[in-house]
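# Chain and residue survey
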Amino acid sequence: MTDHAGAADGPRASRPGPAAPVRRLTVLYDAQCSLCAFLRDWLVRQPQLVPLELVPAGSDEARRRYPGLDHGATLEEITVVGDAGQVYRSTAAWIVTLWALREHRPLAHRLSTPSGARFAKGAVLAAAKWRGAQGGGARQDGARGGGRVYQHADGWSYDPHQGWTYTPPGCDSGTCVTG
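Predicted, not measured: the structure shown is a model, and the values here were computed from it.

### Topic: the pattern of salt bridges
- With the rule as written, the count across this model stands at six salt bridges.
- Notably, a salt bridge pairs R65 with E53, separated by 3.0 Å at the nearest N-O pair. Within this pair, whereas R65 is found in helix 2 (residues 60-65), its partner E53 is found in strand 3 (residues 52-56), the two being separated by 12 residues in sequence.
- The exposure class assigned to R65 is partly exposed, which follows from its relative accessible area of 27%.

Okay, structure coming up:
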């Protein structure tokens, strides 16, 4: 899979020979994030020029479909996968998703320009900041961000108010001997 940003004439895979057109996109979204769930619901209501499939990031389905992806990273930032193996992340993922929507394709074209990309990046950062400010339950999947306490199986956890902390596995009481 290769990473891409949307081009003015639409996203295409950069592979030897003729470019592969995008005929279907899979949007991987954080199902535990209220903003992400809201945007998922909004996307399914939009008229689509390119069909969108919305799959929870880090889910068994996402791992089955895309075994080569860093699924922890897909929980941290929006990731979109094209039917020919194209992978779009962050700002490029938002632009290609808008490009797939009938009413928003012109906006996607504007956002794919250098000045539009700066605006799009600002919007993505604002959404990430909002997402990071939201509270919620703890997650056990090893992801970071999202404003919740995230815990890794290796003992590391992140709390947006306290930062990163380490509790060796099996040492929840804090009484383990360190070596």
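### Let's talk about the pairing of strand 4 (residues 79-82)
- Side-chain alternation along strand 4 places T79 and V81 on one buried face and V80 and G82 on a second face that is also buried.
- When strand 2 (residues 25-29) meets strand 4, the two strands line up antiparallel, connected through four bridges. Each bridged residue has a counterpart across the sheet, and for L28 the counterpart in strand 4 is T79.
- Direction of pairing for strand 4 relative to strand 5 (residues 86-89): antiparallel, over a ladder of three bridges. Its bridge partner lying in strand 5, T79 is registered against R89.

About the thresholds
Residues numbered from 1 in each chain as written. Predicted model: local features only at pLDDT ≥ 70, side-chain atom pairs only at ≥ 80, totals over all residues. Heavy atoms only, no water. Salt bridge = Lys/Arg side-chain N within 4 Å of Asp/Glu carboxyl O. Helix = DSSP H or I, 4+ residues; strand = E, 2+ residues; numbered from the N terminus. Buried < 20%, exposed > 50% of the residue type's maximum accessible area, 1.4 Å probe, protein only. Pairing = 2+ DSSP bridges.

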